[in-house]
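Results of the structural survey
Given next are the chains, with one letter for each unit.
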Amino acid sequence: MNKKLSLLTQLQHLGTAPCDETTPVAPVGLPSIRTSTVRFNTIEDLEATYRRKSKGERLVTYGRMGMETHAALEDIFCQLEGGKRCFLASSGLGAITMSLLSLLSAGDHMLVADCVYGPVRHLANTVLSRMNIEFTYVSAQSTDTLQAQLKTNTRVLYVESPGSLLFEMLDIPALAAFARQHGLILVVDNTWGSGYACQPLELGADVSVIAGTKYVGGHSDLMLGAVVAKDKALIERIDLNQYAMGYSVSADDAWLAIRGVRTLPVRMDQHARSALQVCRYFDDLPETRRIFHPAFEKDPGHALWKRDCTGSNGMLSIELALSDRQIRTFVNALELFSIGYSWGGFESLIQWVDRPTLENHAYWSREDNQIIRLHIGLESVIDLVDDLDQALQKARAV
Ligand SMILES: *Cc1c(COP(=O)(O)O)cnc(C)c1O
């Protein structure tokens, strides 16, 4: 076939080994190649490998660089994100660290959106700080705010859209134009979109970072990260850094991630449908003050979401007019939602977001309400809503 295949079709075939006489298809089509050592027969073979590598071929001389399993997953991430090269890391946070340590040097300054994944602040406040890298947290809702914080040594604009707790949509094309105008590298954490619901590189970002731990893995059983870029010079910088820092991913985890990718679109679509239904449930409650979920029509980011995203997922936050005691009763009474920080797996999760964390976010109303963040899993949404409802009855009775 010479027509362009849809992503859904491509995801079923990428990473599949070429068919010899008989080749297994299930579940990945490639074995999980676990090895540290790569053997060479002759010195000439070794020399030829280095020669071909220097011309840009992805040949491996040592296991840390990743074997065929890893190469297949890298190709899949490039396809999902619309990038030219992908670098794997052992976790999403590892991928963030890889990108920032590749792009920043001592004396540089970085603008960081105030809605980013929490541990990014820890990285900046401790390691980057010690390395004499400056940073400023900003609301990235408008480029005016960014402009006011720009310094002569600003090199990187690091954002996440939608944000990690309140799912505020950022205008990535506008941020990309701003970055270009001021010579900044725009890095976007795209774990929310995971290459399926959003493609920041196509919206103008320079680097996309994904925690494969979440929707790509999809089964809460692996930790993995990816950095994807398209510009040759940036790719070279990340490549040098990745080699120097010794990032390495287990072949089994790469293999599991490829298996996860096969069902990424169907899972994310299902999570998204159920999350919208949960939004509608909360929308009808007297306690609900605000619903944070850009695919929901009443979310202020809905127009941006419609313009820039191609799908959604199971993440949402709700602002509820409940007391501390009531929210404790509500969360503890849930039977199908576990308390947990992660998301992107099959299971439903809940997190009571604490006020000190929210204080960092310009987008937060600062009213005396509670914020809970939910991951809507793959359970029946009817059961999930019933569970939320029975827990709420108990909270009301407090
Ligand atoms: C979970 C998460 C990460 C980090 O991923 P790990 O694999 O847990 O290190 C980074 N960014 C976002 C938005 C996340 O939700």
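Everything discussed here concerns the structure shown above.
In this text the structure is predicted, and so the values were computed from the model without any measurement. (Residues numbered from 1 in each chain as written. Predicted model: local features only at pLDDT ≥ 70, side-chain atom pairs only at ≥ 80, totals over all residues. Heavy atoms only, no water.)

Examining the packing of aromatic side chains
What counts, and what does not: Note on aromatic contacts: the rings of Phe and Tyr and the six-membered ring of Trp form a pair at centre separations within 6.5 Å, being stacked when their planes are under 30 degrees apart, edge-to-face when over 60 apart, and tilted otherwise. We call a charge positioned over a ring when the NZ of a Lys or the CZ of an Arg lies within 6 Å of the ring centre and within 35 degrees of the ring normal.
In this structure the tally under the stated criterion is four aromatic pairs. Across from the ring centre of Tyr-137, 4.2 Å away, lies the NZ or CZ of Arg-121, which sits over that ring.

Overview of the pattern of salt bridges
Just so we agree on the cut-off: The term salt bridge refers to a pairing of a side-chain nitrogen on Lys or Arg with a carboxyl oxygen on Asp or Glu at a separation within 4 Å. Here a helix means four or more residues in a row that DSSP labels H or I, a strand means two or more in a row labelled E, and each is numbered from the N terminus. In this scheme, a residue with accessible area under 20% of its type's maximum is buried, one over 50% is exposed, and one in between is partly exposed, where area comes from a 1.4 Å probe on protein chains only.
Taken as a whole and assessed by the stated rule, the structure comprises 14 salt bridges. Between Arg-34 and Asp-252 there is a salt bridge, with its nearest N and O atoms 2.7 Å apart. Here Arg-34 is found in the loop between α1 (7-13) and α2 (43-54), whereas its partner Asp-252 is found in helix α9 (residues 251-262), with 218 residues between them in sequence. Residue Arg-34 is classed as exposed on the basis of its relative accessible area, which comes to 60%. Among the ionic pairs, Lys-151 bridges to Glu-134, the shortest N-O distance being 3.1 Å. Of this pair, Lys-151 sits in the loop between α6 (143-149) and β4 (154-160) while Glu-134 sits in strand β3 (residues 134-138), and the two are 17 residues apart along the sequence. Take Lys-151: its relative accessible area is 37%, and that puts it in the partly exposed class. Note on Glu-134: relative accessible area 33%, which makes it partly exposed. Through salt bridges with shared partners, a single network forms among Asp-171, Arg-307 and Asp-308.

Re the layout of surface pockets
Convention followed: Cavities and pockets are defined on a 1 Å grid built over the protein atoms alone: a cavity is a set of grid points where a 1.4 Å probe fits but cannot escape, while a pocket is an open set with protein on both sides within 12 Å along at least five of seven lines, and lining residues are those with an atom within 4 Å of any such point. Grid points are joined across faces, edges and corners, and a volume is the space filled by probe spheres set on the points. Following the grouping adopted for this structure description, the nonpolar residues are Ala, Val, Leu, Ile, Met, Phe, Trp, Tyr, Cys and Pro, the charged ones are Asp, Glu, Lys and Arg, and the polar ones are all others, Gly among them.
Counted as a void, the largest pocket has a volume near 940 Å³. Lining the largest pocket are 31 residues; nearest its centre among them are Lys-53, Arg-58, Arg-85, Asp-239 and Gln-242. Secondary-structure elements contributing two or more residues to the lining of the largest pocket are α2, α3 (68-81), β1 (85-89) and α8 (232-245). Residues belonging to the lining of the largest pocket are distributed by class as follows: 13 nonpolar, eight polar and 10 charged. Put simply, the second largest pocket is a space of about 710 Å³.

As for the sheet that holds strand β12 (residues 370-375)
Where we set the bar: Only strands that DSSP links by at least two bridges are regarded as paired with each other. Any two residues whose heavy atoms approach within 4.5 Å at even a single point are treated as in contact. Axis lines are fitted through C-alpha atoms, for helices just across the contact stretch, and the angle between N-to-C directions can take any value from 0 to 180 degrees.
Taking strand neighbours across the sheet as the criterion, the five strands line up as β8-β9-β12-β11-β10 in an open arrangement whose pairing is mixed. Unpaired on one side and paired on the other, β8 (288-292) and β10 (338-339) mark the two borders of the sheet. Summarising the sheet, β8 and strand β9 (residues 315-320) pair through four bridges and their orientation is antiparallel. Bridging across to β9, Ile-291 finds its partner in Ile-318. Set on the sheet, helix α10 (residues 264-283) makes contact with β8, β9 and β12; between it and β9 the angle comes to about 10°.

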